[in-house]
Amino acid sequence: MILNNYLFIQHDYSATNCVTLITDFYAKELSIDIKLPEYPKSKRWMLEFTTDSVDLWADKYAIKVPLTAAKNYDLMVFKASNSNYLTHFGLYLERGKFLHMEEGKTSKVELLDDYWLSSLYKVLRHEQMV
């Protein structure tokens, strides 16, 4: 299973975080360059990603899909409540699960529970997967 290569990777802002986990997966497993803008490899990464910046990216490279129509490897975008700043990225997996990596932890597959669903901003499918 190709996901095994992306499990238990230690979070490190300078090397691997929730953004690079997804971009690496897309590049290596799907041969898709997500084409995200450059961003600082630190806690300040969130200042580069807002709902507006993701919407502009999606207008060029992806389509929004409802969670009920999500397919394996769709991009999941999470945001802070009452804010337009994004807080997390994940990779949708069948049966309501997703691959992600939290600060200070290792990458894992987790169920999309109420906590995650409450901060889900969008599910996006890259144009090359349509």
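Preceding this section is the structure that the text describes.
So, how was this worked out
The residue count restarts for each chain, going from 1 along the sequence in the order it is written. Confidence filtering applies because this is a predicted model: local features only for residues at pLDDT of at least 70, side-chain atom pairs given and counted only at 80 or more, and all residues used for totals across whole chains, interfaces and linings. As a rule here, side-chain values cover all heavy atoms of the structure and leave hydrogens and water aside. Between rings of Phe, Tyr and Trp, where Trp is taken as its six-membered ring, a pair exists when centres lie within 6.5 Å; planes separated by under 30 degrees are stacked, by over 60 edge-to-face, and by other angles tilted. In this description a helix means any DSSP run of H or I spanning at least four residues, a strand means any run of E spanning at least two, and both kinds are numbered starting from the N terminus. Burial status follows relative accessibility: with a 1.4 Å probe on protein chains alone, a residue under 20% of its type maximum counts as buried, one over 50% as exposed, and anything between as partly exposed. The pairing criterion for strands is at least two bridges between them, as found by DSSP. What counts as an axis is a line fitted to C-alpha atoms, over the stretch in contact for a helix, and the angles between N-to-C directions run from 0 to 180 degrees. By the convention used here, residues are in contact when the closest approach between their heavy atoms is within 4.5 Å. Think of a salt bridge as a Lys or Arg side-chain nitrogen and an Asp or Glu carboxyl oxygen that are within 4 Å of each other.

As for the packing of aromatic side chains
Overall, the coordinates contain ten aromatic pairs when judged by the stated rule. Look at W45 and F89: their rings are 6.0 Å apart centre to centre, the planes differ by 45°, and that puts the pair in the tilted class. On the criterion of sequence distance, the pair formed by W45 in the loop between α1 (18-30) and α2 (51-61) and F89 in strand β3 (residues 86-93) is long-range, its members being 44 residues apart. By relative accessible area, F89 is classed as buried at 4%. Centre to centre, the rings of F49 and F89 are 5.5 Å apart; their planes meet at 75°, and the pair counts as edge-to-face. Linking F49 in the loop between α1 and α2 with F89 in strand β3, this pair joins segments that are 40 residues apart in sequence. Classification of F49 as buried rests on a relative accessible area of 2%.

Looking at the sheet that holds β3
The strand order across the open sheet built from six strands is β1-β6-β2-β3-β4-β5, with neighbouring strands paired in antiparallel fashion. On the outer flanks of this sheet lie β1 (62-64) and β5 (108-111), each paired with one strand and no other. Neighbour-to-neighbour, the strand axes of the sheet open up by a mean angle of 35°, direction not taken into account. Bridge count for strand β2 (residues 75-79) against β3 is five bridges, and the pairing is antiparallel.

Regarding the side chain of T50
Its location among the elements puts T50 in the loop between α1 and α2. We classify T50 as buried; its relative accessible area is 15%. Beyond its immediate stretch of four places on either side in the chain, T50 contacts N84, Y85 and L86.

Looking at the pattern of salt bridges
Evaluated as defined, the whole model comprises seven salt bridges. A salt bridge links D74 to R125; the nearest nitrogen and oxygen atoms lie 2.8 Å apart. In this pair, D74 sits in the loop between β1 and β2 while R125 sits in strand β6 (residues 120-126), placing the two residues 51 residues apart along the sequence. A relative accessible area of 9% places R125 in the buried class.

Looking at the pairing of β3
Burial runs high along β3: seven of the eight residues are buried. Pairing geometry for β3 and strand β4 (residues 97-100), over three bridges, is antiparallel. When the bridges of β4 are listed, L93 appears paired with K97.

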